[in-house]
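As a plain string of letters, each chain reads:
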Amino acid sequence: MNKDYDFTISEPKWQEFWEKEKIFAFNPKAKKIFSIDTPPPTMSGKMHLGHAFSYTHTDITARYKRMKGFSVLYPFGVDNNGLPTERLVEKIHNVTLFQLGREKFVQLCQKTIQGILPDFIFGWKRIGLSSDFDNAYSTISPEAQKLSQLYFLDLYNQGRIYKKEMPVLWCPECQTAIAQAELEDKEIETFFNDIEFRLTSGEKILISTTRPELLPSCVSIFVHPLDKSKNNLIGKTAIVPIFNQEVPILSDEKVDINKGTGIVMSCTFGDTTDMEWYFKHNLPLKISITKDRKLNELAKEFSGLSIKEAREKILERLKELNLLKSQKRISHTVNVHERCQTEIEILPTNQWFVKYLDLRNQFLKQSGKMNWRPKFMKSRLDNWINGLSWDWCFSRQRYFGIPIPAWYCKKCKKIIVADKDQLPIDPLSAKPKTKCSCGSEEFIPETDIMDTWMTSSLTPQVVLSRFDKKISKKAFPMSMRPQAHDIINFWLFYTMVRSYLHFKNIPFKEIIVSGFLLDSKGEKMSKSKGNVIEPETVINQYGADALRCWASQSSLGDDLKFNEEEIKNGKRLVTKLWNAFKFSSLHLENYSPEKNDKKLLQDEDKWILNKFSLMTREYYKKMDEYEYAKAKEVLDKFFWSDFCDNYLEIIKTRAYESKDRGVQYALYYLLLNVLKLYSPIIPFITEEIYQEFFKENEKIKSIHLFSFPEDKELFNFPKETKDFENAINTIEQIRKYKSEQKISIKAEVETVVIETKDKEKIQKYLPLIEKIMAVKKIEVK
RNA sequence: GGACGGUUAGCUCAGCUGGUAGAGCGUCUCGUUUACACCGAGAAGGUCAUAGGUUCGAGUCCUAUACCGUCCACCA
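So, here is what we can say about the structure in this document. If you're wondering where the values come from, they're calculated on a predicted model, not measured in any experiment. (Residues numbered from 1 in each chain as written. Chains lettered and ligands numbered in written order. Predicted model: local features only at pLDDT ≥ 70, side-chain atom pairs only at ≥ 80, totals over all residues. Heavy atoms only, no water.)

Points about the packing of helix α16 (residues 544-551) against helix α17 (residues 564-586)
Then step 1. Between α16 and α17, whose axes approach to 7 Å, the crossing angle comes to 120°. For the element pair α16 / α17, the angle class is oblique. Where α16 crosses over α17, the handedness of that crossing is right-handed. Residue-level inspection shows Asp545, Ala546, Cys549 and Trp550 of α16 in contact with α17, the latter providing Glu566, Ile567, Gly570, Lys571, Leu573 and Val574. (Axes fitted to C-alpha atoms, helices over the stretch in contact; angles between N-to-C directions. Helix = DSSP H or I, 4+ residues; strand = E, 2+ residues; numbered from the N terminus. Parallel < 35°, antiparallel > 145°, perpendicular 65-115°, else oblique. Left-handed = near helix turned anticlockwise from the far one by under 90°. Contact = heavy atoms within 4.5 Å.)

Here we look at the protein's contact with RNA strand B
Then step 1. The local shell around RNA strand B holds 47 residues, among which Thr209, Asp256, Val264, Trp640 and Tyr656 are the closest.
Then step 2. Sugar plus phosphate, as a fraction of atoms of RNA strand B within 4 Å of the protein: 68%.
Then step 3. A distance of 3.4 Å is found between a base nitrogen of RNA strand B and a side-chain nitrogen or oxygen belonging to Glu649.
Then step 4. Note that a sugar or linking oxygen of RNA strand B is positioned 3.5 Å from one of the side-chain N or O atoms of Ser744.
Then step 5. If you list the elements that add at least two residues to the surface near RNA strand B, you get β7 (183-199), β8 (204-209), α7 (272-280), β13 (324-337), α10 (378-387), α17, α19 (628-657) and α22 (718-740).
Then step 6. Top element by residues in the surface near RNA strand B is α17. It accounts for ten residues.
Then step 7. Of the residues belonging to the surface near RNA strand B, the class tally is eleven nonpolar, 17 polar and 19 charged. (Near = heavy atom within 4 Å. Polar contact = N/O pair within 3.5 Å; in protein donor to acceptor, adjacent residues only side chain to side chain. Nonpolar A, V, L, I, M, F, W, Y, C, P; charged D, E, K, R; others polar.)

What to know about the nonpolar core
Considering soluble globular proteins, one finds that nonpolar side chains tend to be buried as a cluster.
Then step 1. Ranked by size, the top nonpolar core spans 193 residues in total, and within it Phe394, Phe493, Tyr619, Phe643 and Tyr647 carry the most contacts.
Then step 2. Broken down by element, this core gets its largest block of residues, 13 residues, from helix α20 (residues 661-678).
Then step 3. The contact partners of Tyr619, leaving out residues within four places of it in the chain, are Tyr64, Ala631, Val634, Leu635, Leu677, Pro680 and Phe708.
Then step 4. Of all hydrophobic cores here, the second largest spans 39 residues; its members include Leu199, Val223, Phe302 and Ile314. (Core = buried A, V, L, I, M, F, W, Y, C linked by side-chain atoms within 4.5 Å. Buried < 20%, exposed > 50% of the residue type's maximum accessible area, 1.4 Å probe, protein only.)

A short note on helix α6 (residues 142-157)
Then step 1. Its 16 residues give α6 an end-to-end C-alpha distance of 22 Å, which sits within 8% of 22 Å, the value for a rise of 1.5 Å per residue.
Then step 2. Taken as a whole, α6 has its buried residues at Ala144, Gln145, Leu147, Ser148, Gln149, Tyr151, Phe152, Leu153 and Leu155.
Then step 3. One or two residues past the end of α6 sits Gly159, with phi positive at roughly 75°. (Expected span 1.5 Å × (residues − 1).)

Observations regarding unusual backbone geometry
Excluding glycine, residues mostly carry a negative phi; peptide bonds, for their part, are mostly trans.
Then step 1. Omega for the peptide link from Thr268 to Phe269 comes to -5°, which places this bond in the cis form.
Then step 2. The step from Phe476 to Pro477 runs through a cis peptide bond, and the omega angle for that step is -5°.
Then step 3. Along the polypeptide, Pro477 turns up in the loop between α13 (469-474) and β22 (478-484).
Then step 4. Even without being a glycine, Ile242 presents a positive backbone phi close to 65°.
Then step 5. Following the sequence through the fold, Ile242 ends up in the loop between β10 (237-239) and β11 (246-251).
Then step 6. Located in the positive-phi region is Lys742, a residue other than glycine, with phi close to 60°.

A few points about the packing of aromatic side chains
Then step 1. Considering all chains together, one arrives at 55 aromatic pairs under this definition.
Then step 2. Seen from their ring centres, Phe724 and Tyr765 are 5.1 Å apart, and the 85° between their planes marks the pair as edge-to-face. Highlighted residues: Phe724 in helix α22 and Tyr765 in the loop between α23 (759-763) and α24 (766-772), separated in sequence by 41 residues.
Then step 3. In this structure Tyr765 comes out as buried when scored by relative accessible area, which is 4%. (Phe/Tyr/Trp six-rings, centres within 6.5 Å; stacked < 30°, edge-to-face > 60°.)

Examining the packing of α17 against α20
Then step 1. Running from N to C, α17 and α20 point in directions that differ by 155°, and their axes come no closer than 11 Å. As judged from the angle between their axes, α17 and α20 are roughly antiparallel. Handedness of the α17/α20 crossing: left-handed. On the side of α17, the interface is formed by Leu573, Leu577, Phe581 and Ser584, while α20 contributes Leu667, Leu671, Leu675 and Tyr678.
Then step 2. The residue makeup of the contact of α17 with α20, split by class, is seven nonpolar, one polar and no charged.

Concerning the pattern of salt bridges
Then step 1. All told, the structure shown has 48 salt bridges when counted by the stated rule.
Then step 2. Connected via shared salt-bridge partners are Asp603, Lys719, Asp723, Lys761 and Lys764. (Salt bridge = Lys/Arg side-chain N within 4 Å of Asp/Glu carboxyl O.)

Observations concerning the state of the cysteines
Then step 1. Overall, the coordinates contain zero disulfides when judged by the stated rule.
Then step 2. Cysteine Cys171 is unpaired, with the sulfur of Cys340 as its nearest cysteine sulfur at 3.5 Å.
Then step 3. According to the relative accessible area criterion, Cys171 is buried, its value standing at 0%.
Then step 4. Free cysteine: Cys436, not disulfide-bonded; nearest cysteine sulfur from Cys412 at 3.5 Å.
Then step 5. Overall, Cys436 belongs to the buried group, its relative accessible area being 4%. (Disulfide = S-S within 2.5 Å.)

Let's talk about the sheet that holds β22
Then step 1. Taken together, the three strands give an open sheet; going across it, the order is β15-β23-β22, and neighbouring strands pair in parallel fashion. The sheet is open, and its two edges are formed by β15 (371-373) and β22, each paired on a single side. Across this sheet, the average inter-strand angle for adjacent strands is 15°, counted without regard to direction.
Then step 2. Pairing of β15 with strand β23 (residues 508-514) involves three bridges; the strand directions are parallel. Across the sheet, the residue bridging to Trp372 is Ile511, located in β23. (Pairing = 2+ DSSP bridges.)

Listed below in structure tokens is the structure:
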């Protein structure tokens, strides 16, 4: 045995081996099932190091639970549904869905995702995920479509779904309604314009606005009720410049006295406050912008202009009329659509909603029923639930997604939904099973599709639908949901909502929230910053084990900064393991443990076995609490310091002098079990070592098919351990002495004086210590 | 403005139910040829963000403050 470990050869080799031998196959008939609701990564984005980071955490748990005797349901899914995929396809093929038309575009999407899928999945395999890749699910698959539509029908039948003309958040770029959760803030530069309005009573007032193009939509003017200098205006009527509509001056506490002139114009709709006022003060509706960012006929001579052009032209006109009194350049934050960074508008459109605002308290209760790790993450969700102000608008005016299974009667306009056994269905190419109640047989199909979250929120159902009912019942609620904290308001929230609406249950028992991966400066990795590191780069250089080692260092919920030095540490561990096993194997040739060998154990063997047992219990405890970092820490400390630096050094001479079956027994036991404990964290090197040194004797196909040692397989030697600690202490004193004298550990020394509390007990170890520390005589003080 | 985290050695972080600070990396010194220099031994390094309070005693509990981060709200 004299070769070095080469991860570039071994890692792909074992990955193929696991796949071929189905080492991680889920056994649905097992007694103990541990089910994981893994996040399906969006196919539109390349896998980045942040994924490797959080998926490693989940994978460590999956592997740990497996070796603790669970059959682990650990699916792998791909989110290739909806807007993100459409945008990807548009980008790859340099087309827009409007150019291609619906049918061709959907076909192109399907074809494209089929093409990318293998490459996409390959990246995830490389980091050593022990998912069942043969059964990878997709959120656009026929099964997912069927389920999404089925549960849509459930909500519909519960009366939870309604369609209504409502002001919704509208993305003019994507030409679709979007959800509250899809908003993002963006700083932009703009002008704050002071515009003069005339009152019917003849007075003049100044109003500041960033959106003069909305003047035709102005429906009222607001001042603060306690603003003494302005509240004399309340009740009066103002005339909107250029467009000349007369609007009332009202009061509302939301007005900020110190902002602009303290007088606000309210338009339908400039922002969410306008909408609030529209409902609260029962204002008229005056829409002047169209869905594609233009002004409509209400804007009179400005109609047909884009918002941007109209803004300029209207400002010009105001200037001519001497009504634009001043302009200030400001930078302010606006709401943009997170997928395309376009400023959103609020437009009344016909949309589908899930009614759930009335359930806020129930949602809060559900949130409390789940076990949050770390605990404080719960307040993120609760905070979000408390702040909900819209029902869930789930219709999207896009093409690539799951169709809403509904039609409208051509005659009486009634909504007709599909029948259960028609699913999955596209209403565009199918008809309802029965006539409308009015007798008509002509229908207009719904063209809207469902929001991606409408499907993602069903991942537990998508995964469990593959098994028969008994099993899916047993595995639900799922054991664990791992995810990062950025999608608590999306995925986690919606999954909880669906689970409550359909089953009055929580979707999973534990929520494991991992942090973010930051770059070395502590900034979030993002394409726009150009600081994204790809896992491939790291794996090529240091190996997947090293990457996993590093990822396992962070505590749950904590962000982790990328640090190349720390990844090197992982590689060092891999090398150290390899060398320790290579060395030990010299002393284990043809050895197979027998019961009687236990009787040959010396105190130093008992000491290390005892240490191992204590460490193992601690390791289990930490792993059970999802404290990967701490589990690894105790294991590292044992392996590196106790086992390698002390034990191996102590037994060296004993092992070299003769085949000592006591030493062999301890060595074999420790090595094999250390390997087991390391295997969830660094699966490749542990497999390599197992196959190289143990497979022949143990016969089991892979290290990953072992169970961890149970309590009865651990050791308990408190007395010998306590005694031998004296010897360790003495050895340390001699090391220190030699280091201070600047001489080699191996250099022979005449006499060393050591101090000890227990003069009696150290006596029996002195010959051993003198031998390994190269000291002729140890004097005890 | 609201909620939640964080602030401990040069760096990254541990420090459970309160009892005079720990690890890894880095630095410095020394040691190699029967596992490993991707190694071993040793050393130096901290008034635990600040100010109060509780206590015999606080990094650890309480209250303020500052700074950093995340989410939410506001953004006329």
